[in-house]
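Architecture and fold: a report
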Amino acid sequence: MDSNNLTPLRKGVVGVQFLFVAFGATVLVPLLVGLDPSTALFTAGIGTLIFHAVTRGKVPIFLGSSFAFIAPIIKATELYGLAGTLSGMVGVALVYFVMSALVKWQGVRVIERLFPPVVIGPVIILIGLSLAGTGVNMAKENWVLALLSLVTAVVVSMKAKGLLKLIPIFCGIIVGYLAAWLFYDLDLSGVRDAAWIGLPQFVFPKFSWEPILFMIPVAIAPVIEHIGDVYVVNTVTGKDFVKDPGLHRTLLGDGLACCFAGLVGGPPVTTYSEVTGAMSLTKITNPQVIRIAAISAILFSVVGKISALLKSIPSAVLGGIMLLLFGTIACAGIGNLVNNCIDLSRTRNIIIVSLTLTVGIGGAVLTWGDFSLSGIGLAALVGVLLNLILPKDD
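All of these numbers come straight from a predicted model, not from anything done at the bench. (Residues numbered from 1 in each chain as written. Predicted model: local features only at pLDDT ≥ 70, side-chain atom pairs only at ≥ 80, totals over all residues. Heavy atoms only, no water.)

1. Regarding the UniProt feature "transmembrane region" (unreviewed entry) in the protein chain
Condition: UniProt positions are given in the numbering used here, feature names are shortened, and annotations may be inferred rather than shown by experiment. Here a helix means four or more residues in a row that DSSP labels H or I, a strand means two or more in a row labelled E, and each is numbered from the N terminus.
Mapped onto this numbering, the UniProt entry annotates "transmembrane region" (unreviewed entry) at residues 12–33, 79–102, 114–136, 166–184, 289–310, 316–338, 350–367 and 373–390. Between the first and last C-alpha atoms of residues 12–33 the distance is 31 Å; the span itself is 100% helix and 0% strand. Note that residues 350–367 is 67% helix and 17% strand, and that its end C-alpha atoms are spaced 26 Å apart.

Take a look at the structure:
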């Protein structure tokens, strides 16, 4: 099917279908970190439109809530409160802006030199494993619901075909929710009382340097993921978006979208490979369809009943999904090391990977006056510095 010759009706149907593919992951992140899922839908929609404006409407990419920031948001909220954490999320945009400028100046090679796979791999592993305990604790509240949701997601991942295979997490949540409604005392009073139409719950940042410096190093992994996703979209569409409109523009668009999300209380956004997979499956790559998905997300965000329904999902259901989700992210980090043929018999690589992991998992904290850096951010910084200073030959 020629995606450029679709009727307006078919574009609308496919656009809503693409949103459905991204919906589960986009609303799951705010549910896990205590943000409003309607706000996440709103910022995903507006962020995608911002991205398309910056990239001149040429790149068929949808931006949704980033899983890389789940652990840092939870920890930063404990340390600095929600308003402070939002300032850190706005600060994430600075990384995208700097990378955009570097790519425009030096090309993609500069990022490959600063953040090679031997650094990015262990950082992604840390992102996945840092909240494993939280997932187990949430699942403990009702192991039956947690396991039912988990098994459903696993079965859909392995056995489903077509578009259904792209939304295993969404399927797991639906089955777990239905089981809670049928066999347990599920509180639906919030859904009944919610208005049909209502604005998302906007929360505004209170700016301070501590949460910004805490959150900035975490953005390294999503930036690398962004670059990889752009190359995948190149393959799916048969075009070269690295040259036109340019990788610096895609990075700038993603950064501006992250900035907007943090300013109104949404999680940072990132390129969604789920939607890219759906494009590959349907052979529909028209950027107009992606913009229809973005507008659909904005419309869904003002339906109060949807927000209340999402908030009524039992935490055990989310816990079961987290067991799979965080492990999958960790496996992606391992795959990053394997696919790039990182030789772990080399002393240099062993030092970088091992110290990055132990600093992140061990809870190391770097303190300087009132400022402190810990967790994934500190581990990422350690990995980057080791890669720069250790000699290339063992």
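2. Details of the environment of Ser280
Condition: Here the term buried applies to any residue with accessible area under 20% of the maximum for its type, exposed to any over 50%, and partly exposed to those in between, with areas from a 1.4 Å probe on protein chains only.
Along the chain, the position of Ser280 falls in helix α13 (residues 273–282). Ser280 gets classed as partly exposed once you look at its relative accessible area, which sits at 33%. Sequence separation of Ser280 and Thr235 is 45 residues, and the distance between their C-alpha atoms is 9.3 Å.

3. Overview of the pattern of salt bridges
The line we're drawing: Each reported salt bridge corresponds to a side-chain nitrogen of Lys or Arg within 4 Å of a carboxyl oxygen of Asp or Glu.
Within the structure shown, the criterion is met by three salt bridges. Note that Asp244 and Lys58 form a salt bridge whose closest N and O atoms lie 2.8 Å from each other. Of this pair, Asp244 sits in helix α12 (residues 242–264) while Lys58 sits in the loop between α2 (37–54) and β1 (63–65), placing them 186 residues apart in sequence. You can call Asp244 partly exposed: its relative accessible area is 38%. The partly exposed category is assigned to Lys58, whose relative accessible area is 32%.

4. Things to note about the packing of aromatic side chains
Worth spelling out the cut-off: Whether two aromatic rings pair depends on their centres lying within 6.5 Å, for rings of Phe, Tyr and Trp, where Trp uses its six-membered ring; planes under 30 degrees apart make the pair stacked, over 60 edge-to-face, and the rest tilted. Lysine and arginine charges are scored as sitting over a ring when NZ or CZ, respectively, is within 6 Å of the ring centre and within 35 degrees of the ring normal.
Under the definition given, this model contains seven aromatic pairs. Here Phe20 and Phe170 contribute two aromatic rings whose centre-to-centre distance is 4.9 Å and whose plane-to-plane angle is 80°, an arrangement assigned as edge-to-face. With Phe20 in helix α1 (residues 8–33) and Phe170 in helix α8 (residues 168–183), this residue pair connects regions lying 150 residues apart in the sequence. In this structure Phe170 comes out as buried when scored by relative accessible area, which is 14%. Taking 6.4 Å as the distance between ring centres and 55° as the angle between the ring planes, the aromatic pair formed by Phe62 and Tyr272 counts as tilted. Here Phe62, found in the loop between α2 and β1, pairs with Tyr272, found in the loop between β2 (269–271) and α13; they are 210 residues apart in sequence, far enough to count as distant. The pair Phe62 / Tyr272 is uniform in exposure class, with both members buried. Ring pairing ties together the aromatic residues Phe20, Phe23, Phe170 and Phe300, which thus form one cluster. Positioned above the aromatic ring of Trp196 is the side chain of Lys305, whose terminal nitrogen or guanidinium carbon lies 5.4 Å from the ring centre.

5. Digging into the packing of helix α5 (residues 117–129) against helix α11 (residues 220–237)
This is how the line gets drawn: For helices, the fitted line uses only the C-alpha atoms of the stretch in contact; every axis is such a line through C-alpha atoms, and the angle between N-to-C directions lies from 0 to 180 degrees. Orientation labels follow simple angle bins: below 35 degrees gives roughly parallel, above 145 gives roughly antiparallel, 65 to 115 gives roughly perpendicular, and whatever is left gives oblique. Definitions for this section: a left-handed crossing has its near helix turned counterclockwise from the far helix by less than a right angle. A right-handed crossing has that turn clockwise. Two residues form a contact once any of their heavy atoms are found within 4.5 Å. Residues are sorted three ways: Asp, Glu, Lys and Arg are charged, Ala, Val, Leu, Ile, Met, Phe, Trp, Tyr, Cys and Pro are nonpolar, and all the rest, Gly among them, are polar.
Relative to each other, α5 and α11 sit at 115°, their axes nearing to 10 Å. Considering the angle they form, α5 stands roughly perpendicular to α11. Here α5 and α11 pass one another in a crossing that is left-handed. The residues of α11 that touch α5, namely those facing Ile120, Val123, Ile124 and Ile127, are Ile220, Ala221 and Ile224. Each residue belonging to the contact of α5 with α11 can be placed in one class, and the counts come to seven nonpolar, no polar and no charged.

6. So, the confidence of the model for the protein chain
Definition in use: Summary of the metric used: pLDDT quantifies the predictor's per-residue confidence within the range 0 to 100.
Here the protein chain averages 87 in pLDDT, and 97% of its residues register 70 or above. Per-element averaging of pLDDT across the protein chain places strand β4 (residues 371–374) at the bottom with 67 and α2 at the top with 96.

7. What to know about the nonpolar core
Side chains that are nonpolar tend, in soluble globular proteins, to be buried together. The following threshold applies: Nonpolar cores were defined as sets of buried Ala, Val, Leu, Ile, Met, Phe, Trp, Tyr and Cys residues, with membership established by side-chain atoms within 4.5 Å.
Residues Phe18, Leu28, Phe62, Phe67 and Ile111 are the most contacted members of the largest nonpolar core, which totals 117 residues. Top contributing element to this core by residue count: α1, with 13 residues. With residues near it in sequence (within four places) discarded, Phe18 still touches Val275, Ala278, Met279, Thr282, Ile284, Val289, Ile290 and Ala293.

8. Here's the deal with unusual backbone geometry
A cis geometry characterises the amide bond from Asp244 onward to Pro245, with omega recorded as 15°. As for its placement among the helices and strands, Pro245 is situated in helix α12. Even without glycine at this site, Cys341 takes up a positive phi of about 55°. On the accessibility criterion, Cys341 (66% relative accessible area) is exposed.

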